[in-house]
Structure formats: structure tokens, C-alpha cells
Amino acid sequence: MTILELENVSKTYGGGPTEVHALSHVSLSVEAGAFVAVMGASGSGKTTLLSIAGSLENPTSGEVRIDGRPLSSMSRNDKARLRRRSIGYVFQDFNLLNGLTAVENVSLPLELDGLPAKKAQAVAMEVLDGLGLSERASSYPDQLSGGESQRVAIARAVVGERRLLLADEPSGALDSTNAEAVMRLVLAACHRGVGAVVVTHDAHLASWADRVVFLRDGRVIDQTMPPAGPESLLAPSPEL
Amino acid sequence: MSIKHSLLALLSEGPKYGLQLRQEFEAKTGQVWPLNVGQVYTTLQRLESDELVESDGLGEDGPRRTFRITSKGDSELSTWLHTPPDLTSPPRDELTIKILVALDLSKVDVHEVIQVHRRYVVELMQQWTRLKENESGFDLRLALAIDAELFRLDAVVRWLDAAESRLNRAFSEPPRIETSQPLRLRRRMGVR
């Protein structure tokens, strides 16, 4: 089942001589459980693509569908509800709310969606526990390490019945061990059926994805083929 | 990859015979580097003639001949482990040469050449990462060997990204008067 579909999406900012084509005729499909990385240099349109995919911005032309529903036919309220219920966002700088504890940060989207606070926090605790963070649940963001903060941000992005995870350089500020832990969390979410799109300039991160799409000057220029079985990389048993 | 020193390292743990050395070499490198038994015996002969190992097989050849490290071999192993490899001379990297050559060919789109290589390297990285995802939790040596390969390939992608960015800048700016770089340095870097 296709969770996210971008069909011939273009985005232009400004007009006249200052017109900038951030995205040009981009088409992209993400199935349930698929992990797609979008690679490109700064200014290639990665963040614009993610904003449009997450209904945070409207395309200039083209259509975006989430779970088969076209965003162009949704009201502002419908989109807000879709974002709360179906889409999880992870940002490079975590974007945790400093006045809330880790568990409150995670439970907030559920509460905004009408779930009673106690129930929401119980669900949030479950997710934090699954990420090895139950002991940090009462900590505030400024008491968490970078790796812990990003895990809380991922917990917030996957809590509830989210179907789509959108991440912008999710491990940009982390060391390689914590970055790997973050990518394993994204992968685990995909194994549960979540579709994920991670935009990054980092090949190391992108290599966790099933498919890597290359973006240049707002256009999709290439993508990787499904990787062959890893066994092919191991040494064959030498003949005696 | 120094087979010679890897075998010395294995023998520093105690005497071993050839087949055993091959098996342990593969196990300790996470089966990432293939090694055939012929390479093992050729290397052992060379080590023996250099007095870095000795055998107590007394004329006996083949799989039952046991080798042990000598004190000279111990010293050689320690020196090797503590000596950084010579990284001063850039290797004659085929990929670098291809991009440099593509620059001079008017019929070739160098960006396309860069992307072909970038895609290939990222696909390879995906394969290595799958292997880590599936197996490395159980095998520390394999995880370390895969990390080494992933960082090496990542450096290739970074160089391709930097090359593309440098080319974009070079093509968008007015041509500059070239300063004459020392000829020897240009030759050493493989630049015409």
C-alpha cells in the first residue's frame, strides 16, 4: 500500500528575476514499511520536498497523496488533523519543547488529538520504554544528551498510529554511534509498517534506506536499485 | 592488508599449523578478506626464511607442520603495530583519474560520470549496512571491518560531492589566471 505519493510536484518561490525553482516535476512513491532516503547537496530541494510531503507547504503544481488522500482537496483543519494523526516529523535540532518533560513531549500529539492525558502518557511511556528511555521520562530536554533528545524526538514522531515518518538530517549533530542508533529506530518503525522518508547529505545515513533517491537542483536525477543480498560481499570459501 | 603481519599476530597467541591459521585469519577479519591456503604457506615460507617464525616439523611439509613465532618475529610484529602506514603519497585512485580524464573530454558530461560512481558507491554502502544490520550484533570483528569499509566508501562519496560542488563553482565563475603549481606536486597528484 502506498503511504505517500508525490506526483509531478513543483515548487517555485518568488517571481520575476528572483524566481527560484525549488522543486521541478518531482514524483516519488513510498510504500508502507519502506525506508526511502533522499540525498542531495545543500539547496537541492530536500527540505522543501519534505515540507510538501508533510503538508507543511503547498506545492505550486502537482499533487501529494497521503494514504491515497489528495492534500489539495483537504481543508486546513483536515491537514492539521492528518499531521497530528498520521505524520511524524524528526528535525535535526530535535525541536523538543523545553518546558515539557520527555514523556510530555511524546504524549503531546496524542493529547492534542483528544486522548485523555493519563492515557496519552501511558502510551508515550510504552514508546519511550521501547527506546530504552523509560528512566529519562521525567527529564527535561536540557537534561538529556544529544542522542537521548533525538530518541525522544523519534518517540514523538512514531507514537500513536503514525503511518509516515519524515526526518530532516535526523542525526546531523550526533556522533556515529548515536547516529546509527537513530537509524536503527527509523528502521524498526519501518518494520512495523511505517513508511519513512529521510533527507540527508550523508551517504552513511542514506545507506540504511531500502532506496536512495538523488536530488539535484530540485529534480530527481537518479536512484539506487534495490540492494543485492549482503552475502555477496563476504569472502567465498577459498578452494584448497 | 598485510598477510605477513596478520599471520605473525595469530602465531603470537601460540604455535599453529597452516590450515588453522587460514581459518583463524578469516574468523578474525569477519570473513571480509578472502585468503587461500596457498597464500598462507607461501607467506609462512618467507617468514621462516626471514627467521620471523620457525617450524618444528623437521622436514615435514603440508597441513601437519606447526609454526611458532620467534623473538625476532615478536619484535617485527610490535614495530608493525606501532608504525602508522605511509599515507603521504596519494594512491593512484582509479575513480579520481576517471573524473580528471572526464574533465578534458568535451563529449562527456562530468556530472553524469560523478553520479554513476556516486550511485554505485551508495549501493555498495547499502549492502554493507544490510550486513551490519543483520549480523554485526553477534560479531564484533565483522562490525569493525564493515565500519571500516563504510567509512572508506563514505569518504569516496564525500569526495564526489566536493568535486561536483567545486566544478559548479568553477563553471559559474569567470576563468582565473592559473598559478603554476610546482610540476613535481602536480605529477605526484596525478594531475596533468
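Above: the structure in question.
Below is a short write-up of the structure. Keep in mind that what you see is a predicted model, and the values were worked out from it rather than measured.

Reading the values: rules and limits
- Residues numbered from 1 in each chain as written.
- Chains lettered and ligands numbered in written order.
- Predicted model: local features only at pLDDT ≥ 70, side-chain atom pairs only at ≥ 80, totals over all residues.
- Heavy atoms only, no water.
- Core = buried A, V, L, I, M, F, W, Y, C linked by side-chain atoms within 4.5 Å.
- Buried < 20%, exposed > 50% of the residue type's maximum accessible area, 1.4 Å probe, protein only.
- Contact = heavy atoms within 4.5 Å.
- Pairing = 2+ DSSP bridges.
- Helix = DSSP H or I, 4+ residues; strand = E, 2+ residues; numbered from the N terminus.
- Axes fitted to C-alpha atoms, helices over the stretch in contact; angles between N-to-C directions.
- Expected span 1.5 Å × (residues − 1).
- Arc of directions from axis to C-beta.
- Polar contact = N/O pair within 3.5 Å; in protein donor to acceptor, adjacent residues only side chain to side chain.
- Phe/Tyr/Trp six-rings, centres within 6.5 Å; stacked < 30°, edge-to-face > 60°.

### Looking at the nonpolar core
A general feature of soluble globular proteins is that nonpolar side chains tend to end up buried together. Residues and elements named next belong to chain A. Formed by 67 residues in total, the largest nonpolar core has its most connected members in Phe 35, Met 39, Leu 128, Val 152, Leu 165 and Val 212. Other than its neighbours up to four places away in sequence, Leu 165 contacts Gly 88, Val 90, Ala 157, Val 158, Val 186, Val 194, Gly 195, Ala 196 and Val 197. Val 38, Val 64, Met 74 and Ile 87 belong to the second largest nonpolar core, which has 28 residues in total.

### What about the sheet that holds strand β1 (residues 2-13) of chain A?
Hydrogen bonding along the main chain pairs the strands of a sheet, whether they run parallel or antiparallel. Residues and elements named next belong to chain A. On the basis of which strands lie adjacent, the open sheet formed by 4 strands has the order β2-β1-β4-β5 and antiparallel pairing. Where the open sheet ends on each side, the last strands, each with one partner, are β2 (20-31) and β5 (69-70). As defined by bridge partners, β1 adjoins β2 across 8 bridges and the pair is classed as antiparallel. Note on β2: the bridge partner recorded for Leu 4 is Val 30. Docked against the sheet, helix α1 (residues 46-53) engages β1, β2 and β4 (61-66), running at close to 125 degrees with respect to β1.

### Considering helix α3 (residues 37-49) of chain B
All names here are of chain B. Compared with the 18 Å implied by 1.5 Å per residue over 13 residues, the 19 Å span of α3 between its first and last C-alpha is a close match. The complete set of buried residues in α3 reads Val 37, Val 40, Thr 43, Leu 44 and Leu 47. In an axial view of α3, the angular spread of the buried residues amounts to 125 degrees, which keeps them on one side of the axis. Turned more than 90 degrees off the buried face of α3, the exposed positions are Gln 45 and Ser 49. Its buried side turned inward, α3 meets α1 (3-11), α2 (18-28), β2 (53-55) and β3 (66-69). Near the N-terminus of α3, the side chain that reaches the backbone nitrogen of Gly 38, with its oxygen 3.0 Å away, is that of Asn 36. Of the residues flanking the end of α3, it is Glu 51, one or two places downstream, whose phi is positive at about 65 degrees.

### Topic: the packing of aromatic side chains
Residue and element names in this part refer to chain A. If you walk through the whole model with that rule in mind, you get 1 aromatic pair over all chains. Taking 6.2 Å as the distance between ring centres and 10 degrees as the angle between the ring planes, the aromatic pair formed by Tyr 89 and Phe 91 counts as stacked. By relative accessible area, which is 14% here, Tyr 89 ends up buried. Relative accessible area serves as the criterion here: at 28%, Phe 91 is assigned to the partly exposed category.

### Looking at unusual backbone geometry
Residues and elements named next belong to chain A. One non-glycine residue, Asn 8, lies in the positive phi region at around 50 degrees. Inspection of the secondary structure assignment puts Asn 8 in strand β1. Assessed through its relative accessible area of 40%, Asn 8 is described here as partly exposed. With a phi angle near 55 degrees, His 25 is a residue other than glycine that sits in the positive phi range. Relative to the helices and strands, His 25 is located in strand β2.

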